[in-house]
Every structure is written in C-alpha cells, then in structure tokens.
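So you can see what is in the structure, the chains are spelled out below.
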Amino acid sequence: MKNIPFTQKQILNLIASGRETPFYIYDEESLRHNAREMKECFSWIKDYKNFFAVKALPNPSIVKILHEEGMGADCSSLGELVLSARAGLAGHEIMFTSNNTPVSDFKKAAELGAIINLDDISHIEYFEKNVGPLPELLSFRYNPGALKEGNEIIGEPKDAKFGITTDQITDAYALARKKGVKRFGLHTMVCSNETNADYFLETIDILFSLVVQIHKEQGIVFDFINIGGGLGIPYEPDQKKLDLQKVSSGMKDLYEKKIRSSGHPDVRIVTESGRYVTGPYGYLVTRVRHTKETYKKYIGTDACMANLMRPGMYGAYHHITNISNPDQLSQRYDVVGSLCENNDKFAIDRELPEASQDDILVIHDVGAHAHAMGFQYNAKLRSAEFVLKSDGSFALIRRAETLDDYFATIIG
C-alpha cells in the first residue's frame, strides 16, 4: 500500500475553499528529505551537484525548493532557461543540454552563463557564427552507440537522435580546444526510469574509460563528468526501489580504478536526475464523476489523459487510492477520463474499492513527467498545482487554466 501525506479531510477542506478537482499536490517535506538523502549518498564526490531536470516538473516554486537544497537546473529549451532564472539560478548552476537547438536558446544560455553541453560537433561552428566565441567551459553529449545496450523507454543508443558518436568525440574536443576552450565536460544520457543499478555502472565505466582515453590522446583535462539522469522509481507497490547506494559505491570503485589510476586529476561528478527527485512526491487528486457498467465496469473521473498522459501514452502504471472508501470490497474497474479517445485510461482491469459518484481518488507518483506533459486536446484545461507544506497547509503554485486562457492566443 502506498501512503498519502494528506487526509481526506484536508482535501475536502481544500475543495470547500473553492478549489475544483482535478489538481496536483507536491509534498515539500518529502522533496527536501529526498534531495538531502541523494546529496548524502554521493558525499564522497567533491562538489557533487544534481542538476534537476526541469522538464520533469517545470514549476519555479519546485525549482526554488530544490535549489535551496543545493540542486542546479538541467534545461533543454529557452522556456526552461527563463524559468530557472526566475527561480533564482544563474551561471554554472544551470546546465543547458539541447538538440536541434535554435539560436535564441543558445543566446539565452550564454547570457545566463550556463554550462553549455553540445549535441553535435557541427554546433561548434553554428554557435560561433550565431552567438559568438565559445565559452571557456564546454561540454559534449556522448552517444556510446553499440557499446551500450538500450533501455526500455529510450531504446537503443545507436538509434537515438542524441549525442556525438565514439568516432567523432575525440575530434570534437580537439576542435573545441583549437577554438580556445580551456575547460571541458563530458555527458551522456542513455536511459529513462531505470531501476537496475548495474545499468548505470556500465554507463559510468564507459564514460570513465572515455575520459582516460581522451586525456591520454589529447592531453585534455576534464572539469566534470555528467553521468546523466534516468534514475527510476518504483511505480507499483511491490516494485523494488533502485539501490542508489550501490550506484554510488560502484561508481567510487570505478573512479579509483579508472580515473585516479590513470593520472588524470580529480574530476567532478554530477547528475541530472528529475524523476528520482520529485516523482514519488506528486499526487493527482480527482473526483469520481460517473460509474458505468456495460461490457466492463468503469470509474469515470474529472481528470483525463490531458491531465496525466503517461498511462494512455505508455501504458504506464500509476497506483490509485480511493480515499473516500478505502476499506470497501474491491471490484475490477477501468478508470477513465472524458476525452474522445479510447486510450484515455488511468487503469485497466484494476482491483479497486467499490467507487461511487463524488468519491475522491488519488493517483500516485505523478511528481515527474505528469502535469508537465499536459495538453489541451478536446479544449481541456490544465489543472492547478499545490505544495503541501510541513504544517499541513496547501500553497497554490499554479492556478488552474480558464477558458479565457484557452482563447487568449486565438485571433479572429
């Protein structure tokens, strides 16, 4: 059974105050605790920092909370750069990793003094032509191709549009140094929602070996290695949690064997996790609008795929709790929304307590890649977001959209 950090009474009071369902709630106390545990887990690394993947939960209030706990921001677009700046981050607290990048985004990253992580060797000339001289510190995104087996969500690295190949990477660093770059970083990102610690250690081994190789061939000294994100979370109640301590201790062993033994000076290790940081600490609160029995039994909610895309898009599992009737005898339901699409389902053939109209359901583990992936198909409006404070109060951090918002950009 997954726990909920708020009570039915708190939710009903929030609704009574005029807040309409559906809405998101993020648990601030748990976010902070998790950020501190992550930092402690990698405490052997000098100046370790996680650059929170803003795409996972792009709300300035959340980014501020994580910044207060020592995290930076991993950005991939102009909007995410501006959001991070508004949350108080600047300079090398921001890592900018993008692909097919427009000039406007590169210019904003340079203006903020962000660490720029290039996706292709051709971007060196593109940056110089359209933005100006390369920064003193520059990083490249590496794609290991066939050296690394794929992850279920992202797929095989050799088929990915991201990054520079093994054959190209040494030339990229040599060209950057020729252009005046003094300091260097290396990055890769080859998985998503991975819970196997050994998968990350294989990737880290490849990165450390590449750093040693480039150092020996080119004499380049690396400032940092960004091992990427992709740290997974257990969505299902009986799913095993990623052993982050195993990742850390295994990385430390590889660091000693690969980096230190090679003669390369100490290099900083950073990460860019998003889901692992916030995923388990978000909740989508929705009300039962109708129940229906035809060929199957259905629970129809006032939330839909426009509020939470992952189950309909990926077939992803999200645990659901009926906080109005948690102890009722269970029945088998499809839990659905109101979109004109048959994949608008949060659960299929799920055993849940018997549901009635106006029951309050809570959908778990929506603190990442959930509200952020919302859309307006069928003219649906995006829902509000709240933070649950340590004193039990709720702070509104994004109001719900209105029809005026929806029509604001329409001309004619």
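Up top is the structure.
Keep in mind that this is a model prediction, so the values were computed, not measured.

### Things to note about the packing of aromatic side chains
So, step 1. Considering all chains together, one arrives at 14 aromatic pairs under this definition.
So, step 2. Judged by centre distance (5.4 Å) and plane angle (70°), the ring pair of Phe23 and Phe386 falls under edge-to-face. Here Phe23, found in strand β1 (residues 23–27), pairs with Phe386, found in strand β16 (residues 384–388); they are 363 residues apart in sequence, far enough to count as distant. Phe386 shares its class with Phe23; the two are buried.
So, step 3. The interplanar angle of 25° and the centroid separation of 6.2 Å between the aromatic rings of Tyr24 and Tyr26 together place this pair among those described as stacked. One exposure class covers both Tyr24 and Tyr26, and it is buried.
So, step 4. Ring pairing ties together the aromatic residues Phe96, Phe106, Tyr126 and Phe127, which thus form one cluster.
So, step 5. Across the ring face of Tyr298, the terminal group of Lys292 is positioned such that the distance to the ring centre comes to 6.0 Å.

### Some remarks on a nonpolar patch on the surface
So, step 1. Taken together, the side chains of Leu403, Phe407 and Ile410 make up a nonpolar region of the molecular surface, amounting to roughly 310 Å² of accessible area.
So, step 2. Take Phe407: it is sitting in helix α12 (residues 403–407).

### Overview of helix α1 (residues 8–16)
So, step 1. Where α1 is concerned, the buried positions are Ile11, Leu14 and Ile15. The buried residues of α1 occupy an angular sector of 100° when projected down its axis, which confines them to one face. Facing away from the buried surface of α1 by more than 90 degrees, the exposed residues are Lys9 and Ala16.
So, step 2. In this structure, the buried side of α1 is in contact with β1, β10 (282–293), β15 (360–363), β16 and β17 (394–398).
So, step 3. Two residues or fewer past α1, Gly18 is found with a positive phi of approximately 110°.

### With respect to the pattern of salt bridges
So, step 1. As enumerated under the stated definition, the model contains 22 salt bridges in all.
So, step 2. The closest approach of N and O atoms between Arg32 and Glu69, which form a salt bridge, is 2.8 Å. Here the residue Arg32 occupies a position in helix α2 (residues 28–41), and Glu69 occupies one in the loop between α3 (60–68) and β3 (72–75), the gap between them amounting to 37 residues.
So, step 3. Under the relative-accessibility criterion, Arg32 is labelled buried at 16%.
So, step 4. Glu69 gets classed as buried once you look at its relative accessible area, which sits at 12%.
So, step 5. Put simply, Arg398 and Glu385 hold a salt bridge, and the shortest N to O gap is 2.5 Å.

About the cut-offs
Residues numbered from 1 in each chain as written. Predicted model: local features only at pLDDT ≥ 70, side-chain atom pairs only at ≥ 80, totals over all residues. Heavy atoms only, no water. Phe/Tyr/Trp six-rings, centres within 6.5 Å; stacked < 30°, edge-to-face > 60°. Helix = DSSP H or I, 4+ residues; strand = E, 2+ residues; numbered from the N terminus. Buried < 20%, exposed > 50% of the residue type's maximum accessible area, 1.4 Å probe, protein only. Lys NZ or Arg CZ within 6 Å of the ring centre and 35° of its normal. Patch = residues over 30% accessible without salt bridge, like charges linked within 9 Å, V, L, I, M, F, W, Y side chains within 5 Å. Areas by Shrake-Rupley, 256 points an atom, 1.4 Å probe, with all protein chains shown as cover. Salt bridge = Lys/Arg side-chain N within 4 Å of Asp/Glu carboxyl O. Arc of directions from axis to C-beta. Contact = heavy atoms within 4.5 Å.

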